[in-house]
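# Report on the structure
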Amino acid sequence: TTTTSSASTTDRVTLGTSDLSVAATGVGAWAWGDRSGYWGDDWRGDRARNLRAYETLLAGGVDFIDTAEVYGFGKSEELIAEFARSTAGDDALVDPVFATKFAPLPLRWTASAVPDALEKSLARMGQKKIGLYMQHWPGFGIQDVANDAFLEGLCLCYERGLCDAVGVSNFNAARVATAAKKFASRGVPFASNQIQYSLLYRDPELKTGVVQACEDVGVTVVAYSPMAQGLLTGKYSGAGAAAVKGPRGAVFSDARRAAVGELVDLMKSIGKERGDKTPAQVAVNYCMTKGSVPIPGAKDAAQAASVVGCLGWRLSEGEVRELEKAAGKVPASPGAPFEAW
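This write-up is about the structure you can find in this document. (Residues numbered from 1 in each chain as written. Predicted model: local features only at pLDDT ≥ 70, side-chain atom pairs only at ≥ 80, totals over all residues. Heavy atoms only, no water.)

### Quick notes on the packing of aromatic side chains
Here the distance between the centres and the angle between the planes together describe a pair of aromatic rings. Convention followed: For this analysis, a ring pair means two rings from Phe, Tyr or Trp (six-membered ring only for Trp) whose centres lie within 6.5 Å, classed as stacked if their planes differ by under 30 degrees, edge-to-face if by over 60, and tilted for the remaining angles.
Under the counting rule described, the total for this entry stands at 7 aromatic pairs. Aromatic ring contacts, followed pair by pair, group W32, Y54 and F83 into a single cluster.

Encoded structure:
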């Protein structure tokens with residue numbers, strides 16, 4: 001289901017303390033060029049489908065496209081460069097706002113490692129500057145001592161004109177507050193904390209204080225896995241449920257797949273009243289209604305059109321309460337390990 005052009009151009013969010021204006025839902029490009037086997041085993045065969053997704057997103061006004069240097073070991077960034085080149089000059093498409101992320105890999109310890117990594121990402125992406133650059137996860141264990149340096153490195157990226165704003169990802173409440181003080185002291189716009197958040201994973205809101213910490217410093221929550229890696233689409237539960245391929249099978253236990261049926265039925269009912277919206281669209285719009293910017297995946301034109309169809313409407317307070325009550329009966333999604341670092 002698509003939305004009207006007016007909805008896709010007016011349903012927008014300004015990220016955190018930055019001037020970056022993006023569509024109220026973005027898209028995550030983790031699966032584009034995936035060579036890890038997590039999302040599939042044929043990234044080359046999927047390339048044409050991914051390009052159609054890219055075109056459909058920009059035609060529908062979804063301009064916020066999130067990737068990372070570790071996605072596909074750089075291949076996701078390279079594909080984005082190819083897609084941007086192939087669509088250059090097409091007036092029917094909105095201009096993309098790209099985001100990518102710095103990985104605190106084991107041999108990285110210094111502030112200079114961050115702009116060095118961004119310059120390599122920009123080269124892969126065919127860009128001179130990017131909208132948003134983030135630290136993908138906090139350094140942990142012995143590397144925890146490098147986290148201050150990494151924040152300094154993000155400041156350098158902004159001050160050198162390599163990005164319009166900076167952000168973090170998988171940061172706990174205390175780390176968000178620390179980052180906010182650092183960035184504010186340098187006049188660096190702090191756009192977002194990208195975290196796992198969905199109907200089936202609300203720990204950042206209910207238990208860990210991460211959502212409140214972001215609100216306290218005016219930072220936008222960007223929600224990854226808003227469909228609980230597909231569990232909330234209804235595709236993997238109920239009669240005729242699809243098999244789960246790859247490592248995701250460990251996340252989709254039989255108990256969770258059985259328990260999610262009632263919630264998916266409710267999402268179907270709400271979606272029907274909203275003009276034939278799908279459970280996937282209800283799941284994404286839930287995150288939007290709660291004040292975050294979700295970044296669902298979209299591997300082909302149909303999935304991209306579904307993301308576009310999340311714009312221009314919001315769930316009511318009553319619908320949100322119904323959904324949260326039903327979701328409370330389903331075993332929660334496992335959290336990312338980064339959140340405890």
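### Digging into the sheet that holds strand β9 (residues 220-224)
Put simply, the test is: One bridge is not enough; two strands pair if DSSP finds at least two bridges between them. Helix and strand definitions follow DSSP, with helices as H or I runs of at least four residues and strands as E runs of at least two, each counted in order from the N terminus.
Taken in spatial order, the 8 strands of this open sheet run β3-β4-β5-β6-β7-β8-β9-β10, and their pairing is parallel. Sheet topology places β3 (27-28) and β10 (293-294) at the edges, where each strand pairs with a single neighbour. Relative to strand β5 (residues 97-102), strand β4 (residues 64-66) runs parallel, the two sharing 3 bridges. Bridged to I65 within β5 is F98.

### Describing the environment of E119
Quick reminder of the rule: The cut-offs for exposure are 20% and 50% of the maximum accessible area for each residue type, with area from a 1.4 Å probe on protein chains only; residues under the lower value are buried, those over the upper are exposed, and the others partly exposed.
Inspection of the secondary structure puts E119 in helix α4 (residues 113-125). Here E119 falls in the partly exposed class, since its relative accessible area comes to 43%. Note: C-alpha distance between E119 and L162 (43 residues apart in sequence) is 7.8 Å.

### A closer look at the nonpolar core
What counts here: In this text, buried Ala, Val, Leu, Ile, Met, Phe, Trp, Tyr and Cys residues form a nonpolar core when linked through side-chain atoms within 4.5 Å. Throughout, a contact is declared for two residues whenever any of their heavy atoms are within 4.5 Å.
Residues W32, Y133, F183, L200, L232, L263 and L323 are the most contacted members of the largest nonpolar core, which totals 85 residues. With 7 residues, the top contributor of residues to this core is helix α11 (residues 279-289). Filtering out sequence-adjacent residues up to four positions away, Y133 remains in contact with T100, K101, F102, V114, A117, L118, L154, C157, C163, A165, V166 and G167. Grouped together as the second largest cluster of nonpolar side chains are 18 residues, L15, A99, I295 and A336 included.

### Regarding the side chain of R108
Note on placement: R108 falls in the loop between β5 and α4. Contact partners of R108, with chain neighbours within four places excluded, come to E69, F102, A103, A113, A117, Q143 and F150.

### Let's talk about unusual backbone geometry
Notably, A228 is not glycine yet its phi reads approximately 50 degrees, a positive angle. As for its position among the elements, A228 is in the loop between β9 and α9 (254-259). Positioned with a positive phi, Q229 is a non-glycine residue whose angle comes to about 55 degrees. Within the element layout of this structure, Q229 appears in the loop between β9 and α9.

### Here we look at the layout of surface pockets
Threshold: Throughout, the protein atoms alone are placed on a 1 Å grid, and a set of points is a cavity if a 1.4 Å probe fits but cannot get out or a pocket if it is open with protein on both sides within 12 Å along at least five of seven lines; lining residues have an atom within 4 Å of a point. Grid points are joined across faces, edges and corners, and a volume is the space filled by probe spheres set on the points. Residue polarity is assigned by list, with Asp, Glu, Lys and Arg as charged and Ala, Val, Leu, Ile, Met, Phe, Trp, Tyr, Cys and Pro as nonpolar; anything else, Gly included, falls into the polar class.
Reported here for the second largest pocket is a volume of approximately 280 Å³. Lining the second largest pocket are 18 residues, with Y54, V94, D95, P96 and F98 sitting closest to its centre. At the level of secondary structure, the elements contributing two or more residues to the lining of the second largest pocket comprise α2 (43-59), α3 (75-87), β5 and β6 (130-135). For the lining of the second largest pocket, the class distribution of residues is 10 nonpolar, 4 polar and 4 charged.

### So, helix α10 (residues 261-273)
Applicable threshold: Expected helix span is given by 1.5 Å per residue-to-residue step, counting one fewer step than there are residues.
The terminal C-alpha atoms of α10 lie 19 Å apart, and with 13 residues this matches the ideal 18 Å at 1.5 Å per residue to within 8%. Within the sequence span of α10, burial applies to G261, L263, V264, L266, M267, I270 and G271.

### A few points about the pairing of strand β7 (residues 163-169)
As a reminder of what qualifies: Note on handedness: a crossover is taken as right-handed if, strands pointing away from the viewer, the path from the first strand over the helix to the second is clockwise.
Counting buried residues in β7 gives 6 out of 7 residues, a clear majority hidden from the surface. In this sheet, β7 lies alongside β6 in parallel orientation, the contact comprising 5 bridges. Counted as the bridge partner of M134 is G167 from β7. Note that the unit made of β6, helix α5 (residues 147-159) and β7 has a crossover that is right-handed. In this sheet, strand β8 (residues 190-196) lies alongside β7 in parallel orientation, the contact comprising 3 bridges. Across the sheet, the residue bridging to S169 is Q194, located in β8.

### Describing the state of the cysteines
Put simply, the rule reads: When two cysteine sulfur atoms lie within 2.5 Å, the pair is treated as a disulfide.
In the structure shown here, the tally under the stated rule is 0 disulfides. Between C287, a cysteine without a disulfide, and C310, which holds the nearest cysteine sulfur, the sulfur-to-sulfur distance is 9.7 Å.

### As for the packing of α3 against α4
The following threshold applies: A fitted line through C-alpha atoms represents every axis, and for helices the fit uses only the stretch in contact; the resulting angles, taken between N-to-C directions, go from 0 to 180 degrees. Working rule for angles: under 35 degrees goes down as roughly parallel, over 145 as roughly antiparallel, 65 to 115 as roughly perpendicular, anything else as oblique.
One way to put it is that α3 packs onto α4 with a least axis distance of 7 Å and a crossing angle of 45 degrees. Accordingly, the angle class assigned to the pair α3 and α4 is oblique. Contacts between α3 and α4 pair E77, E78, I80 and A81 from the former with S121, R124 and M125 from the latter.

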